[in-house]
Amino acid sequence: MRSDDVYVVGAGMHPFGRHEGVSGLDMAEHALRAALVDAGVGWADIDFAVGGSNVSGKPDSLVARLGLTGVPFTTVKNGCATGGVALATAVSALQSRRADLVAVVGFDKHERGAFAADPAAYGLGEWYAQTGMMITTQYFAMKTRRYQHEHGVSDLALARISARAFRNGAEHPMAWRRTALTEEEVLASAPVNEPLTQYMFCQPSQGAVGLVLARGDRAADLCDRPVRLAAVTQRTRRFGSFEVFSPWLSPQPWHSPSIDAAAAAFEEAGISPAEVQVAQLQDTDSGSEMIHLAETGLCKHGEQEQLLAEGATDVDGRLPVNTDGGCLANGEPVGASGLRQVHEVVRQLQGRAAGAQVPGGPRVGFTHVYGAPGLSACAVLTVDEGAA
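As a starting point, this report considers the structure included with it. Fair warning: this is a prediction, and the values are worked out from it, not measured in the lab. (Residues numbered from 1 in each chain as written. Predicted model: local features only at pLDDT ≥ 70, side-chain atom pairs only at ≥ 80, totals over all residues. Heavy atoms only, no water.)

1. Concerning the overall build of the protein chain
Moving on, step 1. On a plain count of helices and strands, the protein chain comes out with 13 helices and 11 strands.
Moving on, step 2. Computed over its C-alpha atoms, the radius of gyration of the protein chain comes to 19 Å, within 12% of the 21 Å expected for a compact globule of 388 residues.
Moving on, step 3. Taken along the three principal axes of its C-alpha coordinates, the protein chain extends 55 × 45 × 40 Å.
Moving on, step 4. The buried share of the protein chain, reckoned over its 388 residues, is 61%.
Moving on, step 5. At a minimum sequence separation of 6, the contacts of the protein chain that also span at least 24 residues come to 76%. (Helix = DSSP H or I, 4+ residues; strand = E, 2+ residues; numbered from the N terminus. Rg over C-alpha atoms; globule rule 2.2 N^0.38 Å. Buried < 20%, exposed > 50% of the residue type's maximum accessible area, 1.4 Å probe, protein only. Contact = heavy atoms within 4.5 Å.)

Structural data, given as structure tokens:
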């Protein structure tokens, strides 16, 4: 354990779902206090904090609930990638030695209905909204259909992704959707935008996640099995990539910020995608997960059909994906989703998953999150060989 490496030493979570009478800040406080307890520290021990929320309050206002200690508190907002960016900000504070113990929190409380966005906030004119493309289900469906056409992936593969997500969610006490569905039920559900049906999309939800991070010179004193953040990276879109709220589509080449962020994370960690033993991928819809499997290097383009048919991405497969049910089973509180991924992988690597535990003692995990209008954040997590 190197003194300058960064580790997760505490993790806490408020269940995802719908929680009447509970505010976003209430959930954030719950998650952060749980993370502090898990690390065996108090709020007064924290000397830097980062928080993210899209619509549910100012994260730094949590100091009024946790304690007015004067702690520096940075707020981030990067769409669905908010949690990943918050994590990267926290890691930077530790690596630069501006802090010794850092708290990270992400939360949101979305009401029922599709996400609404103002085109002006993304540098677009009202004409773009009039095309209907601010309704992101259309974007995701278009990108999925194009990918299927180019790489020969079937609608059944999309249904297999959703069915696996709901199976995993049914076993996870923190998940929102706790009823398993078959591939046939997914395919037969109401169409939204072809080829995607109702049960191939996640829904806006409510929840929060907190983490406590420390450097290696302190991690072993705080946690029996600290999880190393071997790499945390983020990238924005390049010219020509087709992303959420893109006003045009380039015919070639295929590229995305997910490709760049994942490649950078694996290079920084000195680990190949083939070594990953448990992964979390952004699954705003089943098509997105299908595409992200290849964009992150976990498989080749077009291999998803066989991987899913063989059950390779199941909890007991060779590449378990979204073992807590992902966004499909948990819904998406935008500020919390990226940290939910890290929370789940940390628990899996520590051998104390709340839901189904990946067998065999996994030691390498990966997380990937993607947000509008084209930002991705990835992390590689490991447990040291000598960890208990």
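2. Looking at the layout of surface pockets
Moving on, step 1. Looking at the largest pocket, its volume works out to about 910 Å³.
Moving on, step 2. Lining of the largest pocket is provided by 38 residues; of these, Ala114, Phe115, Ala116, Thr136 and Pro204 occupy positions nearest its centre.
Moving on, step 3. The leading source of residues in the lining of the largest pocket is helix H5 (residues 136–151), at 3 residues.
Moving on, step 4. Looking at the lining of the largest pocket residue by residue, the classes come out as 21 nonpolar, 11 polar and 6 charged. (1 Å grid on protein atoms, 1.4 Å probe; cavity = no way out; pocket = protein on both sides within 12 Å on 5 of 7 lines; lining within 4 Å. Points joined across faces, edges and corners; volume = space filled by probe spheres on them. Nonpolar A, V, L, I, M, F, W, Y, C, P; charged D, E, K, R; others polar.)

3. Concerning the environment of Asp155
Moving on, step 1. Residue position: Asp155 is located in helix H6 (residues 155–170).
Moving on, step 2. Take Asp155: its relative accessible area is 31%, and that puts it in the partly exposed class.
Moving on, step 3. When the C-alpha positions of Asp155 and Gly287 are compared, they lie 9.2 Å apart, and in sequence the two are 132 residues distant.
Moving on, step 4. Once residues within four sequence positions are removed from consideration, Asp155 is found in contact with Arg145, Gln148, Leu187, Pro195 and Met200.
Moving on, step 5. There is a polar contact of 3.4 Å between the side chain of Asp155 and the side chain of Arg145. (Polar contact = N/O pair within 3.5 Å; in protein donor to acceptor, adjacent residues only side chain to side chain.)

4. Regarding helix H9 (residues 257–269)
Moving on, step 1. Compared with an ideal rise of 1.5 Å per residue, which puts 13 residues at 18 Å, H9 spans 18 Å between its outermost C-alpha atoms and is within 8% of the ideal.
Moving on, step 2. Inspection of H9 places Pro257, Ser258, Asp260, Ala261, Ala262, Ala264, Ala265, Phe266 and Ala269 among the buried residues, and these make up the whole buried set.
Moving on, step 3. Where H9 is buried, its residues touch strand S8 (227–236), helix H10 (286–295), strand S10 (364–371) and strand S11 (375–382).
Moving on, step 4. Its side-chain oxygen placed 3.1 Å from the backbone nitrogen of Ser258, Ser256 serves as the N-cap of H9.
Moving on, step 5. Trailing H9 by a residue or two, Gly270 shows a phi angle of about 70°, which is positive. (Expected span 1.5 Å × (residues − 1).)

5. Remarks on the packing of H5 against H10
Moving on, step 1. Viewed as axis vectors pointing N to C, H5 and H10 meet at an angle of 55°, and their least axial separation amounts to 9 Å. As far as their axial angle goes, H10 and H5 are oblique. Along this stretch, H5 crosses H10, giving a crossing that reads as left-handed. Between H5 and H10, the contacting residues are Phe140, Lys143, Thr144, Tyr147 and Gln148 on the first element and Gly287, Ser288, Met290, Ile291, Ala294 and Glu295 on the second.
Moving on, step 2. Residues belonging to the contact of H5 with H10 are distributed by class as follows: 5 nonpolar, 4 polar and 2 charged. (Axes fitted to C-alpha atoms, helices over the stretch in contact; angles between N-to-C directions. Parallel < 35°, antiparallel > 145°, perpendicular 65-115°, else oblique. Left-handed = near helix turned anticlockwise from the far one by under 90°.)

6. What about the nonpolar core?
Generally speaking, nonpolar side chains in soluble globular proteins are found buried as a group.
Moving on, step 1. Core analysis: the biggest nonpolar cluster contains 54 residues, and Phe266, Val276, Leu298, Phe366 and Val380 have the highest contact counts within it.
Moving on, step 2. For this core, the element with the highest residue contribution is H6, accounting for 6 residues.
Moving on, step 3. The next biggest cluster of nonpolar side chains, apart from the first, holds 42 residues, and it includes Ala11, Ala86, Ala99 and Leu339. (Core = buried A, V, L, I, M, F, W, Y, C linked by side-chain atoms within 4.5 Å.)

7. Some points on the pattern of salt bridges
Moving on, step 1. Going through the model one piece at a time under the given rule, you end up with 18 salt bridges.
Moving on, step 2. Between Arg228 and Asp5 there is a salt bridge; the shortest N-O distance is 3.9 Å. With Arg228 in strand S8 and Asp5 in the segment before strand S1 (6–17), this residue pair connects regions lying 223 residues apart in the sequence. In this pair, the class of Arg228 matches that of Asp5, namely buried.
Moving on, step 3. One salt bridge in this structure joins Arg65 and Glu29, with 2.9 Å as the shortest N-O distance. With Arg65 in helix H2 (residues 63–66) and Glu29 in helix H1 (residues 24–39), the pair connects residues that are 36 residues apart, well separated along the chain.
Moving on, step 4. Judged by its relative accessible area of 32%, Arg65 is partly exposed. (Salt bridge = Lys/Arg side-chain N within 4 Å of Asp/Glu carboxyl O.)

8. Observations regarding the sheet that holds strand S4 (residues 101–109)
Moving on, step 1. Strand order in this open sheet of 9 strands is S3-S2-S4-S7-S1-S8-S11-S10-S9, and the pairing throughout is mixed. Whereas interior strands pair on both sides, the edge strands pair on one side only; in this sheet they are strand S3 (73–76) and strand S9 (278–280). Here the strands of the sheet are splayed against their neighbours by 20° on average, with no regard to which way each runs.
Moving on, step 2. By the bridge criterion, 8 bridges tie S10 to S11 in an arrangement that is antiparallel. Bridge pairing links Gly365 to Leu381 in S11. (Pairing = 2+ DSSP bridges.)

9. Re H10
Moving on, step 1. Along H10, 10 of the 10 residues are buried, which leaves the element largely enclosed by surrounding structure.
Moving on, step 2. Two or three places before Gly287, at the start of H10, stands the capping residue Asp285, its side-chain oxygen 2.9 Å from that residue's backbone nitrogen.
Moving on, step 3. Note on H10: the residue one or two positions beyond its end, Gly297, has a positive phi of about 90°.

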